[in-house]
Amino acid sequence: MTEQQEIKKPIKFKISILIAVMLLIVTSISAVSSYIFFWEEFQKLEKQDADLNRDRIRIGFFDKLETLHLSALHLSSANDTYSFVKGMFDWQHDSYIKSYLTKATFWNNNIDVMIFMNLEEEAVWAKEFNSDTGMTHPVNEDILSFYKSFKPFSKAGKYGLYVKESRVFMASTRPIFKSNSSGERIGYLTVMRAVDTEFINAFNVEFGSKVTVKVIPKNVPTLKNLHPKDGWGQFTETDERVSFFNISSLNSDYIVNINVYSERDITRKAQLAVLWNAAVILAGMALVFFGLLKSLDFIVVTRLKAMAKTILNIGQDENHRIRLNDDGQDEVSLIAHEVNKMQDRILELALNDHLTNLPNRRLFEDRMASALERGRRENTHIALLFLDLNGFKTVNDTMGHQAGDELLVRVARRLKSITRATDSLARLGGDEFGLIMELSPDEDLQAVDAVCEKIVTTLERPFLIQDKPINISTSIGISIYPDHAEDATTMIRYADIAMYASKALKNTKDPDKKPWCYFTSEMEMKD
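Residues numbered from 1 in each chain as written. Predicted model: local features only at pLDDT ≥ 70, side-chain atom pairs only at ≥ 80, totals over all residues. Heavy atoms only, no water.

Visitor: Would you mind showing me how to read the pattern of salt bridges here?
Guide: Two side chains of opposite charge can pair, provided their charged atoms sit close to one another. Across all of its chains, the model carries 15 salt bridges by this definition. In this structure, Arg-420 engages Glu-443 in a salt bridge whose closest nitrogen and oxygen atoms are separated by 2.8 Å. Of this pair, Arg-420 sits in the loop between helix 12 (401-418) and strand 12 (424-429) while Glu-443 is found in the loop between strand 13 (432-438) and helix 13 (445-460), placing the two residues 23 residues apart along the sequence. What makes Arg-420 partly exposed here is its relative accessible area of 26%. Linked through salt bridges whose partners overlap, the residues forming this network are Lys-47, Asp-51, Arg-54 and Asp-55. (Salt bridge = Lys/Arg side-chain N within 4 Å of Asp/Glu carboxyl O. Helix = DSSP H or I, 4+ residues; strand = E, 2+ residues; numbered from the N terminus. Buried < 20%, exposed > 50% of the residue type's maximum accessible area, 1.4 Å probe, protein only.)

Right, here's the structure in full:
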């Protein structure tokens, strides 16, 4: 990733999309499984409920029919009715009509048609009651014709439904006997009740239902298939479930189809339950989503973002001293730890000499700047020593670079063994070494001379290289802060000048001259 490159698809975005897709899949599966496993059971419950409602209406409908049949029994078994139909006394005829065949009789017994007929099939009295006007009028001839084919041949009589065009009637016919059912049968009484809009509305109010009545000709195949004769069944519409039962009419040309409509409350509740279930699952999954997202953000994403930012800063600033937070024992901490190890290795390669493992010139200059800062702050002296090996080139040329490298390693090891813990030793390149001495307030140049003496003595001892004793010496140049200079660049230049001055003295082969020199202004002029 370059300095200018930006993170266009953060890992948090990718994780969010992944979690959202997974939770959406889980929610969909839960909703679909709820529908598959529970919907059929809800439909069975609704069907059972509709069948129970139909049975309740069917019982109520036949109860109305039986009540009409019972009313016919009460009228047909009265002695006055027997005398009225037989015509025993003329004066009784008018009296019976005024006493029994009144508007109140029709109202109280819910009767719309009443027919008295003798055995000769002559209508003794036949009237149809109009509840709107409260008046009676003669019965239609078609009804009388039906009546003649509807005579009962038992004391129990007959009852059922009669269809006249699109009109449906409850009909009951009873034989007329004396009150104790003795004597001969002298005729028949038929009463009818219209199954019209008024009846259906009152029935719906009474039973708290929605019922419709249809007349179906028996010769219509499609309707016969849908509503079998004397059968029952069920079908569904958009908002209602329809249970029906069929009753064959007494005049046998029609089927009376009674539909019972039930609200699809269970279906609606089932749909609502499924939706609520899906909503609850979705809400739960949303909470899980945000919980996971926050957890991942806290545990992983935030740390990865901080790590990425730190790594970018390292690359941009080329500052390999920056460290990642590797606290913890998880994978992110492990990555941070390994990155820090790589940083340490990079620093080691960048700031240390790969042959001697001493600090290189770059790190040496950084340490020199730090030492000068402390010297200014604490008002102490800093001594900078530059060392050059005399005789190294000869070893390199005569014994090879491998021998020269081995000699440099041995030199570095000896120098490191005699320097103080507060001193900074470095290989500056080739056969040159540098040493920074931070003098304490109670130390003077004698401490520097003592260290130089140790260096010279140590390096004059022979080195065994490739089983051969090798003798070398060293020339040392020294600059002092703040006596000679106050900045690192100048200090390094002065120490270098002093070192070459020391080499020049070495070439004079004067045994009284020490192999180290302090910088002087005359040296700079000569340089």
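From this point on, the discussion continues.
Visitor: Explain helix 6 (residues 197-207) to me, please; I cannot follow it from the model alone.
Guide: Given 3.6 residues per helical turn, the α-helix brings residues three or four places apart onto the same face. Among all positions in helix 6, only Phe-199, Ile-200, Phe-203, Asn-204 and Phe-207 are buried. Taken around the axis of helix 6, the buried residues stretch over an arc of 130°, which confines them to a single face. Away from the buried face of helix 6 by more than 90 degrees, exposed residues Thr-197, Val-205 and Glu-206 are located. Gly-208, located one to two residues past helix 6, shows a positive phi value of around 60°. (Arc of directions from axis to C-beta.)

Visitor: What's the story with the packing of helix 12 against helix 13 in this structure? I'm lost.
Guide: Packed helix pairs are specified by the crossing angle of their axes together with the interaxial distance, meaning the distance between the axes. Where helix 12 meets helix 13, the closest approach of the two axes is 10 Å, and the angle between their N-to-C directions is 145°. Read as a crossing pair, helix 12 and helix 13 show a hand that is right-handed. In this structure, helix 12 contributes Val-411, Arg-414, Leu-415 and Ile-418 to the contact, and helix 13 contributes Lys-454, Ile-455, Thr-458 and Leu-459. A breakdown of the residues in the contact of helix 12 with helix 13 according to their chemical character gives five nonpolar, one polar and two charged. (Axes fitted to C-alpha atoms, helices over the stretch in contact; angles between N-to-C directions. Left-handed = near helix turned anticlockwise from the far one by under 90°. Contact = heavy atoms within 4.5 Å. Nonpolar A, V, L, I, M, F, W, Y, C, P; charged D, E, K, R; others polar.)

Visitor: I tried to follow the nonpolar core on my own but got confused; where do I start?
Guide: Considering soluble globular proteins, one finds that nonpolar side chains tend to be buried as a cluster. Among the nonpolar cores identified, the biggest contains 36 residues, and Phe-61, Met-114, Phe-116 and Met-170 are the most heavily contacted of them. Apart from residues no more than four positions distant in its own chain, Met-170 is found in contact with Phe-61, Lys-64, Leu-65, Leu-68, Gly-160, Leu-161, Val-191, Met-192, Arg-193, Val-195 and Phe-199. Counting residues in hydrophobic clusters, the runner-up holds 35 residues, among them Phe-392, Leu-439, Val-451 and Ile-476. (Core = buried A, V, L, I, M, F, W, Y, C linked by side-chain atoms within 4.5 Å.)

Visitor: Just checking my understanding: could you explain the environment of Ser-33 for this structure?
Guide: With respect to the element layout, Ser-33 can be found in helix 1 (residues 11-76). For the pair Ser-33 and Val-274, spaced 241 residues apart in sequence, the C-alpha separation works out to 9.8 Å.

Visitor: For this particular structure, what's the right way to read the packing of aromatic side chains?
Guide: Think of a pair of aromatic rings as described by two things: how far the centres are apart, and how the planes are tilted against each other in angle. For the coordinates displayed, the defined rule picks out 16 aromatic pairs. With centroids separated by 6.0 Å and ring planes inclined at 25°, the aromatic side chains of Phe-199 and Phe-203 adopt a geometry described as stacked. Linking Phe-199 with Phe-203, this pair stays in helix 6, spanning four residues, or about one helical turn. Pair check on accessibility: Phe-199 and Phe-203 agree, each one buried. Among the aromatic residues, ring-to-ring pairing joins Phe-84, Tyr-96, Tyr-100, Phe-106, Trp-107, Phe-116, Trp-125 and Phe-129 into one connected group. Sitting over the ring of Tyr-261, Lys-210 keeps its end group 4.9 Å from the ring centre. (Phe/Tyr/Trp six-rings, centres within 6.5 Å; stacked < 30°, edge-to-face > 60°. Lys NZ or Arg CZ within 6 Å of the ring centre and 35° of its normal.)

Visitor: Help me out: how do you make sense of the pairing of strand 6 (residues 187-194) in this one?
Guide: Both faces of the sheet carry side chains from a regular strand, because those side chains alternate between them. The element strand 6 is largely enclosed, with a buried count of eight among its eight residues. Along strand 6, one buried face is formed by Gly-187, Leu-189, Val-191 and Arg-193 and the opposite face, lined by Tyr-188, Thr-190, Met-192 and Ala-194, is buried too. Two strands pair when backbone bridges link them, and strand 1 (residues 113-118) and strand 6 are joined in this way by six bridges, in the antiparallel orientation. Across the sheet, residue Val-113 finds its bridge partner in strand 6, namely Met-192. With eight bridges joining them, strand 5 (residues 167-176) and strand 6 adopt antiparallel strand pairing. By the bridge assignment for strand 6, Ser-172 is matched with Val-191. (Pairing = 2+ DSSP bridges.)

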